[in-house]
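# A structural walkthrough
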Amino acid sequence: MEAQANNNKSTAMDWILFLVSTAVVVLMLIFMNEWFWIALPFSLTYLVKALRAM
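Calculation notes
Residues numbered from 1 in each chain as written. Predicted model: local features only at pLDDT ≥ 70, side-chain atom pairs only at ≥ 80, totals over all residues. Heavy atoms only, no water. Helix = DSSP H or I, 4+ residues; strand = E, 2+ residues; numbered from the N terminus. Buried < 20%, exposed > 50% of the residue type's maximum accessible area, 1.4 Å probe, protein only. Areas by Shrake-Rupley, 256 points an atom, 1.4 Å probe, with all protein chains shown as cover. Contact = heavy atoms within 4.5 Å. Polar contact = N/O pair within 3.5 Å; in protein donor to acceptor, adjacent residues only side chain to side chain.

## So, the overall build of the chain
Along the chain, the regular secondary structure elements total two helices and zero strands. Counting all 54 residues of the chain, 17% fall into the buried class. Here the chain displays about 4,300 Å² of accessible surface, and carbon together with sulfur accounts for 73% of that area.

In structure tokens:
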């Protein structure tokens with residue numbers, strides 16, 4: 001039971017980190033579009049972790 005709660009918490013944190021990193025990517029596209037690719041791996045990694053595909 002505790003492992004299940006821990007797993008759900010981890011997924012929630014992954015979704016939060018995905019949303020924050022996606023916001024950073026969008027802001028970088030607006031203000032520093034030549035450097036947005038630096039934040040892109042974080043967004044994609046946390047999306048994959050949140051979807052439990054990794």
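## A few points about unusual backbone geometry
Here Arg52, not a glycine, exhibits a phi torsion of approximately 55°, which is positive. Along the chain, Arg52 falls in the segment after helix H2 (40–50). On the accessibility criterion, Arg52 (48% relative accessible area) is partly exposed.

## Here's the deal with the side chain of Thr11
Assignment of secondary structure puts Thr11 in helix H1 (residues 2–31). For Thr11, a relative accessible area of 12% gives the class buried. In contact with Thr11, not counting residues within four places along its chain, are Ala50 and Arg52.

## A word on the side chain of Ser21
Within the secondary structure layout, Ser21 lies in helix H1. The buried category is assigned to Ser21, whose relative accessible area is 9%. Polar contacts involving the side chain of Ser21 include one to the main-chain carbonyl oxygen of Leu17, which spans 2.9 Å.

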